[in-house]
Amino acid sequence: MSNTNNAGGSKDIPDNFPAEDLVLKSSMQFFGEQLDRSDLVPLLLTTLMSGTMDQKDRILTANRLITESGTLPWPDLVKMQAVLYTFANKFLSNDDLDKVKEVMFMTRLGQMLVNDGIEIGIEKGIEKGALALISVCREIGLSYDDTRRKLIEKLELDAPAAKRYMEEFWTRSSL
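Residues numbered from 1 in each chain as written. Predicted model: local features only at pLDDT ≥ 70, side-chain atom pairs only at ≥ 80, totals over all residues. Heavy atoms only, no water.

A. Region of the structure containing helix 2 (residues 37-44). Where helix 2 is concerned, the buried positions are D39, L40, L43 and L44. All buried residues of helix 2 fall inside an arc of 155° around its axis, so they share one side. (Buried < 20%, exposed > 50% of the residue type's maximum accessible area, 1.4 Å probe, protein only. Helix = DSSP H or I, 4+ residues; strand = E, 2+ residues; numbered from the N terminus. Arc of directions from axis to C-beta.)

Put into structure tokens, the structure is as follows:
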């Protein structure tokens, strides 16, 4: 992106350019010019700059511009959104962070984070279920091998996962 527009007007940036003006400058897309990665990276820093627009709005505007640019490869988009979310988590009040979360979790990054959270929750649930099943099997006197088979049957685990849980929980569970 150049510092001049197609109409011949100067778009030089003064030294005391407020952060939100940088966001606005990027959003103008200089009369149709596509924004590339080097144009969008400065948007990440707007949260750290002074300005009259509050930090929440800077983060949301930067996220919108990055997401809607259409020029970033998926890995770069996710990395930039992760940086914005990290800044939001660090600098915003709980109320403002909740508003940013609402917007961010509607993005592809947000969906990835939700999916990761679901996956972690499922793994934790299976782990707790395995511990409980092993404990009950020990209480009723089932053997190690019978308990391992029950893990495979009841929790639909493959043999290596059942073995891993048995090794981890067999000695920890009560008799």
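B. Representation of the packing of helix 2 against helix 3 (residues 55-68). Put simply, helix 2 and helix 3 touch, their axes get as near as 9 Å, and they point 160° apart. In terms of axis orientation, helix 2 runs roughly antiparallel to helix 3. The interaxial crossing formed by helix 2 with helix 3 has left-handed handedness. Residues L40, L43 and L44 of helix 2 pack against A62, L65 and I66 of helix 3. Residues that form the contact of helix 2 with helix 3 fall into these classes: 6 nonpolar, no polar and no charged. (Axes fitted to C-alpha atoms, helices over the stretch in contact; angles between N-to-C directions. Parallel < 35°, antiparallel > 145°, perpendicular 65-115°, else oblique. Left-handed = near helix turned anticlockwise from the far one by under 90°. Contact = heavy atoms within 4.5 Å. Nonpolar A, V, L, I, M, F, W, Y, C, P; charged D, E, K, R; others polar.)

C. Quick peek at the pattern of salt bridges. As enumerated under the stated definition, the model contains 6 salt bridges in all. The shortest N-O distance in the salt bridge between D146 and R149 comes to 2.5 Å. Remark: R149 and D146 occur in helix 7 (residues 144-154); sequence separation between them is 3 residues, near one turn of the helix. What makes R149 partly exposed here is its relative accessible area of 45%. Where E153 meets K150, a salt bridge forms, and the shortest distance between an N and an O atom there is 3.9 Å. Taken as a pair, E153 and K150 lie in helix 7 at a separation of 3 residues, close to a single helical turn. (Salt bridge = Lys/Arg side-chain N within 4 Å of Asp/Glu carboxyl O.)

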